[in-house]
Amino acid sequence: MVHIAFLMDPIASVNLKKDSTLAMIRAALRRGWHVSYFEQRDLTWKDDRPMATLRELSIEAGFLADLDPDQAGTHWYRLGDTAEVDLATLDVVMVRKDPPFDMEYIYATYLLERAEARGALVVNAPGSLRDCNEKFFATQFPDCVPPLMVGKRPDQLLAFHAEHGDVVFKPLDGMGGTDIFRVRPDDPNLHVVIESLTALGQRRIMAQKYIPEIEDGDKRILLIDGEPVDYALARIPMTGESRGNLAAGGTGVGRRLTARDRFIAGRVGPELKRRGLLFAGIDVIGDYLTEINVTCPTCIRELDAQFSLDIASMLMDKIEAGLANR
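Residues numbered from 1 in each chain as written. Predicted model: local features only at pLDDT ≥ 70, side-chain atom pairs only at ≥ 80, totals over all residues. Heavy atoms only, no water.

A look at the sheet that holds strand β8 (residues 148–151)
Two modes of strand pairing occur in sheets, parallel and antiparallel, and in both the strands are linked by backbone hydrogen bonds. Taken together, the four strands give an open sheet; going across it, the order is β8-β11-β9-β10, and neighbouring strands pair in antiparallel fashion. Looking along the sheet, the strands with just one partner apiece sit at the ends: β8 and β10 (181–183). Adjacent strand axes in the sheet meet at a mean angle of 20° when their direction is disregarded. Strand direction decides the pairing type here: strand β9 (residues 167–171) and strand β11 (residues 205–209), joined by five bridges, are antiparallel. (Pairing = 2+ DSSP bridges. Helix = DSSP H or I, 4+ residues; strand = E, 2+ residues; numbered from the N terminus. Axes fitted to C-alpha atoms, helices over the stretch in contact; angles between N-to-C directions.)

A closer look at unusual backbone geometry
Excluding glycine, residues mostly have negative phi values, and the peptide bonds linking residues are mostly trans. Cis rather than trans, the peptide bond between V123 and N124 has omega equal to 0°. Mapped onto the secondary structure, N124 falls in the loop between β7 (121–123) and α5 (126–131). For L200, which is not glycine, the phi torsion reads 60° and is therefore positive. Here L200 shows up in the loop between α7 (190–197) and β11.

Description of the environment of D317
Here D317 lies in helix α10 (residues 311–324). The sequence separation of D317 and A28 amounts to 289 residues, and the corresponding C-alpha distance is 9.9 Å.

Focus on the packing of aromatic side chains
By the definition in use, this model includes five aromatic pairs. With centroids separated by 4.9 Å and ring planes inclined at 40°, the aromatic side chains of F101 and Y105 adopt a geometry described as tilted. Between Y107 and Y110, the ring centres sit 6.2 Å apart and the planes meet at 45°, which makes this aromatic pair tilted. With a gap of three residues between them, Y107 and Y110 both fall in helix α4 (residues 103–117), about one helical turn apart. Overall, Y107 belongs to the partly exposed group, its relative accessible area being 39%. On the accessibility criterion, Y110 (40% relative accessible area) is partly exposed. One cation-aromatic arrangement involves R114 over W45; the distance from NZ or CZ to the ring centre is 4.9 Å. (Phe/Tyr/Trp six-rings, centres within 6.5 Å; stacked < 30°, edge-to-face > 60°. Buried < 20%, exposed > 50% of the residue type's maximum accessible area, 1.4 Å probe, protein only. Lys NZ or Arg CZ within 6 Å of the ring centre and 35° of its normal.)

Quick word on the pattern of salt bridges
Any two side chains of opposite charge can pair if their charged atoms end up close together. Taken as a whole and assessed by the stated rule, the structure comprises 22 salt bridges. Across the pair R235 and D218 runs a salt bridge, and its minimum N-O distance is 3.3 Å. With R235 in strand β14 (residues 231–236) and D218 in strand β12 (residues 218–224), this residue pair connects regions lying 17 residues apart in the sequence. Across the pair, exposure class does not vary: R235 and D218 are buried alike. Overlapping salt bridges bring together D218, R220, R235 and D283 as one network. (Salt bridge = Lys/Arg side-chain N within 4 Å of Asp/Glu carboxyl O.)

With respect to the side chain of D304
Here D304 is to be found in helix α9 (residues 300–307). R26 is the oppositely charged side chain nearest to the buried, salt-bridge-free D304, at an N-O distance of 5.3 Å. Apart from residues no more than four positions distant in its own chain, D304 is found in contact with L309, D310 and I311. (Lys, Arg positive; Asp, Glu negative; His and termini not counted. Contact = heavy atoms within 4.5 Å.)

Let's talk about the packing of helix α1 (residues 20–30) against α10
Relative orientation of the contacting elements α1 and α10 amounts to 60°, with a least axis distance of 8 Å. Looking at the two axes, α1 sits oblique to α10. Along this stretch, α1 crosses α10, giving a crossing that reads as right-handed. Contacts between α1 and α10 pair A23, M24, A27 and A28 from the former with A312, S313, L315 and M316 from the latter. Its residues assigned to classes, the contact of α1 with α10 shows seven nonpolar, one polar and no charged. (Parallel < 35°, antiparallel > 145°, perpendicular 65-115°, else oblique. Left-handed = near helix turned anticlockwise from the far one by under 90°. Nonpolar A, V, L, I, M, F, W, Y, C, P; charged D, E, K, R; others polar.)

Looking at the state of the cysteines
Summed over the entire model, instances satisfying the criterion amount to zero disulfides. Left unpaired, C296 is separated from the closest cysteine sulfur, that of C299, by 11 Å. Among the residues examined, C296 registers a relative accessible area of 12% and is labelled buried. (Disulfide = S-S within 2.5 Å.)

Considerations on the environment of L200
Under the relative-accessibility criterion, L200 is labelled exposed at 64%. Taking the C-alpha atoms as reference points, L200 and P154, separated by 46 residues in sequence, lie 8.0 Å from one another.

Some words on the pairing of β11
It is a general feature of regular strands that their side chains alternate between the two faces of the sheet. β11 sits mainly inside the fold: four of its five residues count as buried. Direction of pairing for β8 relative to β11: antiparallel, over a ladder of four bridges. Residue M149 lies in a different strand from β11, and its bridge partner there is A207.

Focus on the environment of R78
Here R78 shows up in strand β5 (residues 77–86). For the pair R78 and S20, spaced 58 residues apart in the sequence, the C-alpha separation amounts to 19 Å. Ignoring sequence-local partners within four residues, the contact set of R78 consists of E56, L57, S58, I59 and E60.

Spelled out as structure tokens, the structure:
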């Protein structure tokens, strides 16, 4: 029996209506796999081994059958007794920890990398999680991204804004649309936005030319082992907003991939596969790649519901094949 352990945020905080990790847990349980749960704080290095304090995870039968949050009630999951386990003895470790991408996250990748080196399949590969910043990684594909710069000198950021007029400024370590600012020409807040995001020139940020096609949606395209799912979730901003993130109030509308979407996925996909990034989400606005999400990509549930898909099972198929080939 395959033993898969999910490294995630506290399970009590899971959003029952849209959490993608929950779809993965359900897909694993439906295969009869042994599923465990642990948090970042449960990782240790002990007796020359990467260890974690795990708890067996199961889901209430009715909820497992249809994933209906209205029927789940407050006791939709059960956790077993704790057990300290050598991570290298597990078949699969699924890393589904949300940012912040801080030093604690980096230390966790060190431990997970040791488990990977000793035989566990870690999804996504911890070294690549550490190396592939979700904003900066996109710059590896210059034929896909809009005009942008990364820096912390206010004079350079001001010059970029002067050149392009309408610019989005954002931190390199944010998620869910937090601290993203659109600054139009002659915006009186230009200087204070740059000062705040760079901490007065001490922190690097990204400046990106504003893409007006955001009004038609910020498309999330999911890739499994480098291959895109056939549909994207276009996240449409609320009226008066320039952010399409669902966490910022955007509305998710499913769409079939365009030729340009497939071109971008075809450029990014082989590099994801090479780096062991088995499950990723790329963000596309208009004709441009804006981000590559590798830490905890979402939108499985929305696409499943709109197109009768089972993306989590597609992912588990790839994991199962990977285990067979090891």
